[in-house]
Amino acid sequence: MESLNSLMDGFGTALTPVNLLWAAVGVLLGTAIGVLPGIGPAMAVALLLPVTYGLEPTGAFIMFAGIYYGAMFGGSTTSILLNTPGESAAVVAAMEGHPMAKAGRGAQALAAAAIGHFTGGMIGTMLLVVLAPTVAALAVDIGAPDYFALMVLAFIAVTSVLGSSRIRGVASLLIGLTLGLVGLDQLTGQQRLTFGSLQLADGVDVVIVAVGLFAIGEALWVAAHLRRTAGRPVPVGRPWLGREDLRRTWKPWLRGPFLGFPFGAIPAGGAEIPTFLSYVTEKRLSKHKEQFGKGAVEGVAGPESAASASAAGTLVSMLTLGLPTTAVAAVMLAAFQQYGIQPGPLLFEREPELVWGLIASLFVGMVLLLALNLPLAPVWAKLLRIPRPYLYAGILFFAAVGAYAVGGEALDLVVLLVVGLLGLGMRRYGLPVLPAVIGVILGPAAEQQLRRALQISDGSVTGLVNTPFSVAVYALVALLLAWPLLRKAVTRTRAAG
């Protein structure tokens, strides 16, 4: 009941004319950027982060949430129309959505995705309202060993579930942890990896790392493979769903959130696993199995609903524990830190107006996005006619301006280019980008919690495993590490039997 009262107060904040304006601007910008090929929510949020710098915190985060959800809506449009997923979570939408578009049913696929996002976002945000205060209340009792254990879990999980191999995931994580070491040691004041530069004494800004790895790295990668022919957009008519389509999609819309939300809330869960699980579930339950792979509308509706709900799940971990479970949440955490606000167990007590205004704005943003995306699908299709050389030249310009705006130092542009080249190299050798971003964000915090735990235990390593919670987390870490070996053993046993 207390959560509902707080949510009503949040609506009072979110529905003020100024905050409504920022929500509308956020969803419009997020959708417009997210709908462009190759630009997923993480890159859209990183690119538009500097836009929010001049705003007061509540308005900035309401706009930021609009950008986040808007970019997720837009990402499915590119996936369906051009078979170009902006991020890994949109891959499943392309599997069924693009065949629908080629068959002249692109409008129906876009509508199924838009309503799926709306349904998943609404249910996921309701679960966020119910569960976030409880998680925050429990998190108050979490100590340094527990936090370090959670961060180890995030590191292990993010390297295990992403990329083509664990070795590549670990390599990416080590790159991020190394970038996180740049600057002054918080305890001793000793310079680390600054190469004698005073400007690097404060460390490398997370926003510059995110923009460099995502935007600059992607632009350079596309430029290296650019074919000088602009892709022709698939024509899109009036987006509407017939009675048969609605009969086949309403159950997947409702099932998706209950797969997406839990995976979004756990460290390094993200939307990739639940979207695939939703796809497999809908294929198993469908009465039209023969249509899967050829354009089954259930294969768009369920996964898109799961992806949207997982976005609400990521906010639970980010707001209550300060743990980003996706690249977007990592950039969002950087935005909180820019305002001197530290997400965690006490955030709901210290900044109730901001938190509940932000959560209420998610509901408002969902309604705005549905109203925006259904009628404007043909407009987004026309945006895709921009020739890719101009498109990525614009991205490079926007990224450079945003990076310079962070600190006003010319060195920031050099760092941006170096990190961008690093991002290009990571794509060239198949290293996932997310572990690096997680490493930059969580690395310094993990080091701080590790030192704190060891100080409390007078340097004894047992101080890292002296609570039931930390023991349980390390057991989960051990299971994650051992799972591939266990799976192989089970497979061999079955084959032998």
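Residues numbered from 1 in each chain as written. Predicted model: local features only at pLDDT ≥ 70, side-chain atom pairs only at ≥ 80, totals over all residues. Heavy atoms only, no water.

Novice: So what about the overall build of the protein chain? Which residues, and what values?
Specialist: In terms of regular secondary structure, the protein chain is built from 19 helices and two strands. Taking all 497 residues of the protein chain together, 55% fall into the buried category. The contacts of the protein chain with a sequence gap of at least 6 include a subset with a gap of at least 24, amounting to 79%. Surface accessibility of the protein chain: about 21,400 Å² in total, with carbon and sulfur atoms responsible for 66%. (Helix = DSSP H or I, 4+ residues; strand = E, 2+ residues; numbered from the N terminus. Buried < 20%, exposed > 50% of the residue type's maximum accessible area, 1.4 Å probe, protein only. Contact = heavy atoms within 4.5 Å. Areas by Shrake-Rupley, 256 points an atom, 1.4 Å probe, with all protein chains shown as cover.)

Novice: Please provide a residue-by-residue account of helix α10 (residues 243-265), values included.
Specialist: Along its 23 residues, α10 runs 34 Å from first to last C-alpha, staying within 8% of the 33 Å computed at 1.5 Å per residue. Where α10 bends most, at Thr249, the angle is about 35°, and the proline Pro252 comes one to four residues later. Listed as buried for α10 are Asp245, Arg248, Thr249, Pro252, Trp253, Gly256, Pro257, Gly260, Phe261 and Gly264. (Expected span 1.5 Å × (residues − 1). Bend = angle between axes of the 7 residues up to and from the residue.)

Novice: Any details on a nonpolar patch on the surface? Residues and values, ideally.
Specialist: A cluster of nonpolar side chains, contributed by Leu476, Leu479, Trp483 and Leu486, occupies part of the molecular surface with about 390 Å² of accessible area. Within the secondary structure, Leu479 sits in helix α19 (residues 468-496). Taking the relative accessible area as the measure of exposure, Leu479 reaches 46% and is therefore partly exposed. (Patch = residues over 30% accessible without salt bridge, like charges linked within 9 Å, V, L, I, M, F, W, Y side chains within 5 Å. Salt bridge = Lys/Arg side-chain N within 4 Å of Asp/Glu carboxyl O.)

Novice: An account of the pattern of salt bridges is needed here, citing residue identities and associated values.
Specialist: Applying the stated criterion to the full structure yields three salt bridges. Glu447 is the partner of Arg192 in a salt bridge, and the nearest nitrogen-oxygen pair spans 2.8 Å. Taken together, the residues span a long stretch of sequence, with Arg192 in strand β2 (residues 191-192) and Glu447 in helix α18 (residues 434-456) at a distance of 255 residues. The exposure class assigned to Glu447 is partly exposed, which follows from its relative accessible area of 21%. Notably, a salt bridge pairs Glu282 with Arg255, separated by 2.8 Å at the nearest N-O pair. Residue Glu282 is located in helix α11 (residues 272-285), and its partner Arg255 is located in helix α10; the two are separated by 27 residues in the primary sequence.

Novice: Tell me about the nonpolar core, and name the residues and values.
Specialist: Core analysis: the biggest nonpolar cluster contains 112 residues, and Leu315 and Phe336 have the highest contact counts within it. Those residues within four positions of Phe336 in sequence are excluded, and the remaining contacts are Phe61, Met318, Leu319, Ile341, Pro343, Leu347, Leu354 and Leu358. By size, the runner-up hydrophobic cluster in this structure holds ten residues, among which are Ile80, Ala101, Ala109 and Val297. (Core = buried A, V, L, I, M, F, W, Y, C linked by side-chain atoms within 4.5 Å.)

Novice: Give a description of the confidence of the model for the protein chain that names residues and reports values.
Specialist: Scored by pLDDT, the protein chain has a mean of 77; 84% of the residues are at 70 or more. Per-element mean pLDDT across the protein chain ranges from 70 in helix α3 (residues 41-48) up to 87 in helix α17 (residues 410-428). (pLDDT = per-residue confidence, 0-100.)

Novice: Hey, could you go over the side chain of Ser172 for me, with residue numbers and the actual values?
Specialist: As for its position among the elements, Ser172 is in helix α8 (residues 166-181). Separated by 3.1 Å, the side chain of Ser172 and the backbone nitrogen of Ala436 make a polar contact. With residues near it in sequence (within four places) discarded, Ser172 still touches Met426, Leu431, Pro432, Val433, Pro435 and Ala436. (Polar contact = N/O pair within 3.5 Å; in protein donor to acceptor, adjacent residues only side chain to side chain.)

Novice: How would you sum up the packing of aromatic side chains? Please name residues and give values.
Specialist: What the rule picks out here adds up to three aromatic pairs. Between the aromatic rings of Phe11 and Phe363, the centroid separation amounts to 5.9 Å while the plane-to-plane angle is 35°, which identifies the pairing as tilted. Placement of the pair is Phe11 in helix α1 (residues 2-14) and Phe363 in helix α15 (residues 352-383), with a sequence separation of 352 residues. For Phe11, a relative accessible area of 21% gives the class partly exposed. When its relative accessible area of 11% is taken as the criterion, Phe363 is described as buried. Taking the centre distance of 4.0 Å and the plane angle of 20° together, the rings of Phe61 and Phe336 count as stacked. Linking Phe61 in helix α4 (residues 57-82) with Phe336 in helix α13 (residues 327-338), this pair joins segments that are 275 residues apart in sequence. (Phe/Tyr/Trp six-rings, centres within 6.5 Å; stacked < 30°, edge-to-face > 60°.)

Novice: Which residues make up the side chain of Thr119, and what values go with them?
Specialist: Counting through the fold element by element, Thr119 comes out in helix α6 (residues 106-139). In contact with Thr119, not counting residues within four places along its chain, are Trp253, Leu254, Pro257 and Ser305.

Novice: So, the packing of helix α12 (residues 298-321) against α13: which residues are in play, and what are the values?
Specialist: One way to put it is that α12 packs onto α13 with a least axis distance of 10 Å and a crossing angle of 35°. Along this stretch, α12 crosses α13, giving a crossing that reads as right-handed. Packed against α12, whose contacting residues are Thr314, Leu315, Met318 and Leu319, the element α13 presents Ala329, Met332, Leu333 and Phe336 at the interface. Class assignment for the residues of the contact of α12 with α13 results in seven nonpolar, one polar and no charged. (Axes fitted to C-alpha atoms, helices over the stretch in contact; angles between N-to-C directions. Left-handed = near helix turned anticlockwise from the far one by under 90°. Nonpolar A, V, L, I, M, F, W, Y, C, P; charged D, E, K, R; others polar.)

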